[in-house]
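Geometric and topological summary
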Amino acid sequence: GAVVSQHPSWVICKSGTSVKIECRSLDFQATTMFWYRQFPKQSLMLMATSNEGSKATYEQGVEKDKFLINHASLTLSTLTVTSAHPEDSSFYICSAARTSGGSSYEQYFGPGTRLTVT
Amino acid sequence: GNSVTQMEGPVTLSEEAFLTINCTYTATGYPSLFWYVQYPGEGLQLLLKATKADDKGSNKGFEATYRKETTSFHLEKGSVQVSDSAVYFCALGTYNFNKFYFGSGTKLNVKP
């Protein structure tokens, strides 16, 4: 159990267009999902925390209007990169949080989406 | 504040060698600690976790013990295999899981 999927797995788009990435928890409900960005050979950078039914909380330095996050249900969160530019090219990873007894919890990660903006 | 520090890589070992990847943390409150593994071109997979002091997480021959006195969560494996080659991330999760804090990752190369 605890599978998280992302779609698409890779996407190439032209500069100025928008791209939507979906993140789904397949076999559990996730009240909280997270969006990360990973640069080559670097660690994950948290972009935003997405809570079902409320506005996402963005990390400092992340443009809210550029990276639109919607958490419409307990199993789906979407990240839309608006007016994409080559510098937005990156590996985007989502995760879904699930409690695992008491105060314990885990994050389950999607396989990631490789975005290339030409 | 919260942060995680990992030893820099890459770490190169021969098959069947002993592995240690150091991880230390600073935290407010009582975090949970995790090790994740990332294979090339893939997302992160949870390798093991520990939720309180002195807990030992283990999986697939890997182990890590939550040491509050030294604020450490070092990853160990007695005998590595070529298939263990990947990037390993140490992470700290806050109690209310508002955030996870990741270390910089350590790349492990295991040679036959």
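It should be noted that the structure appears before, not after, this text.
What counts, and at which threshold
Residues numbered from 1 in each chain as written. Chains lettered and ligands numbered in written order. Predicted model: local features only at pLDDT ≥ 70, side-chain atom pairs only at ≥ 80, totals over all residues. Heavy atoms only, no water. Helix = DSSP H or I, 4+ residues; strand = E, 2+ residues; numbered from the N terminus. Rg over C-alpha atoms; globule rule 2.2 N^0.38 Å. Buried < 20%, exposed > 50% of the residue type's maximum accessible area, 1.4 Å probe, protein only. Lys, Arg positive; Asp, Glu negative; His and termini not counted. Charge placed at Lys NZ, Arg CZ, Asp CG, Glu CD. Contact = heavy atoms within 4.5 Å. Buried area = accessible area lost by both parts, 1.4 Å probe. Salt bridge = Lys/Arg side-chain N within 4 Å of Asp/Glu carboxyl O. Polar contact = N/O pair within 3.5 Å; in protein donor to acceptor, adjacent residues only side chain to side chain. Phe/Tyr/Trp six-rings, centres within 6.5 Å; stacked < 30°, edge-to-face > 60°. Disulfide = S-S within 2.5 Å.

Before going further, it helps to spend a moment on the overall build of chain B. When its secondary structure is counted, chain B shows 0 helices and 12 strands. Its C-alpha radius of gyration of 13 Å places chain B within 12% of the 13 Å reference for a compact globule of 112 residues. Judged by the C-alpha coordinates and their principal axes, chain B covers about 45 × 30 × 20 Å. Looking at chain B residue by residue over its 112 residues, the buried ones come to 44%. Separation of charge centres in chain B, based on 10 positive and 10 negative side chains, amounts to 6 Å.

All right, on to the interface of chain B and chain A then. Each side of the interface is counted separately: chain B has 22 residues, and chain A has 23 residues. For the chain B and chain A pair, buried surface summed over both sides reaches about 1,700 Å², with 59% attributable to carbon and sulfur atoms. Across the contact surface, chain B and chain A share 0 salt bridges. On the surface where chain B and chain A come into contact, there are 3 residue pairs in polar contact (both at pLDDT 80 or more). Counting only elements with at least two residues in the side of chain B that touches chain A, the list comes to β5 (32–38), β6 (44–50), β10 (86–93) and β11 (100–102) of chain B. Top contributing element to the side of chain B that touches chain A by residue count: β5 of chain B, with 4 residues.

Moving on: the packing of aromatic side chains. Under the definition given, this model contains 14 aromatic pairs over all chains. Taking the centre distance of 6.5 Å and the plane angle of 35° together, the rings of F34 of chain A and Y36 of chain A count as tilted. Residue classification places Y36 of chain A among the buried residues on the basis of a relative accessible area of 0%. Pairwise contacts between aromatic rings join F34, Y36 and F109 of chain A together with F34, Y36, F89, F100 and F102 of chain B into one cluster.

The term disulfide refers to a covalent linkage connecting the sulfur atoms of a pair of cysteines. All names here are of chain A. Tallied over the entire structure, the rule returns 2 disulfides over all chains. The disulfide bridge from C23 ends at C94, spanning 2.0 Å between sulfur atoms. Taking the sign of the S-S torsion, 80° for the link of C23 and C94, the bridge is right-handed. Here the residue C23 occupies a position in strand β3 (residues 19–25), and C94 occupies one in strand β9 (residues 90–99), the gap between them amounting to 71 residues.

Moving on to the side chain of H71 of chain A. Residues and elements named next belong to chain A. Here H71 shows up in strand β7 (residues 67–73). Assessed through its relative accessible area of 5%, H71 is described here as buried. One polar contact links the side chain of H71 to the main-chain amide nitrogen of E52, over a distance of 3.3 Å. Non-local contacts of H71, meaning those with residues more than four positions away in its chain, are made with A30, T31, T32, M33, S50, N51, E52, G53, L76 and S77.

This part covers the pattern of salt bridges. Considering all chains together, one arrives at 5 salt bridges over all chains under this definition. When the shortest N-O distance is used, the salt bridge between D88 of chain A and K66 of chain A registers 2.9 Å. Within this pair, whereas D88 of chain A is found in the loop between β8 (76–81) and β9, its partner K66 of chain A is found in the loop between β6 (57–58) and β7, the two being separated by 22 residues in sequence. Comparing D88 of chain A with K66 of chain A shows no difference in burial state: the two are buried. For E63 of chain B, the salt bridge identified is with K56 of chain B, shortest N-O distance 3.6 Å. A relative accessible area of 34% means that E63 of chain B is categorised as partly exposed.

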